[in-house]
Amino acid sequence: MESIHTNETFQGVIESKQPVIVKFQADWCPDCRRMDMFIGDILKEFNNYKWYDVNRDELPEIADKYEVMGIPSLLIFQEGERTAHLHSANAKTPEEVEEFLQASL
């Protein structure tokens, strides 16, 4: 998973013709660390998609723009548009994340 550190990079990434998956997280977030324990297997399963990571505290304006109120959250973008958003409350288990990705991609 590639980390995004600038607004310019983020804008370039989300313009992709293919769907891209962006995980919003923060270093201090215990639920984010919990997701990190199982996200590797999901990355392998959905390896035909590009995955990116945004630290919400590093780029708060992007999180605000896309209404990322809780973390971790997964957002899917394609051609500059947000096409799906898995809110943190529904991203607690591998099954919830897999169901979201299967339904959204």
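Below or above, wherever it landed, is the structure these notes cover. Note that this is a predicted model, so its numbers are computed, not measured.

Considerations on the pattern of salt bridges
Side chains carrying opposite charge are able to pair once their charged atoms draw close together. Per the stated rule, a full pass over the model turns up six salt bridges. The closest approach of N and O atoms between R82 and E67, which form a salt bridge, is 3.9 Å. Separated by 15 residues along the polypeptide, R82 in strand β5 (residues 81–86) and E67 in the loop between α3 (60–65) and β4 (73–78) bring together distant segments of the chain. The class for R82 is partly exposed, based on a relative accessible area of 33%. Owing to a relative accessible area of 46%, E67 belongs among the partly exposed residues under this scheme. One connected set of salt bridges, linked through shared partners, spans K23, R33 and D36.

Points about the state of the cysteines
Under the criterion given, the structure shown has one disulfide. Note that C29 is cross-linked by a disulfide to C32, the S-S spacing being 2.5 Å. Its torsion about the S-S bond being 85 degrees, the disulfide of C29 and C32 is classed as right-handed. Each member of the pair, C29 together with C32, is buried.

Basis of the calculations
Residues numbered from 1 in each chain as written. Predicted model: local features only at pLDDT ≥ 70, side-chain atom pairs only at ≥ 80, totals over all residues. Heavy atoms only, no water. Salt bridge = Lys/Arg side-chain N within 4 Å of Asp/Glu carboxyl O. Helix = DSSP H or I, 4+ residues; strand = E, 2+ residues; numbered from the N terminus. Buried < 20%, exposed > 50% of the residue type's maximum accessible area, 1.4 Å probe, protein only. Disulfide = S-S within 2.5 Å.

None of the figures reported here should be taken as evidence of function without further support.
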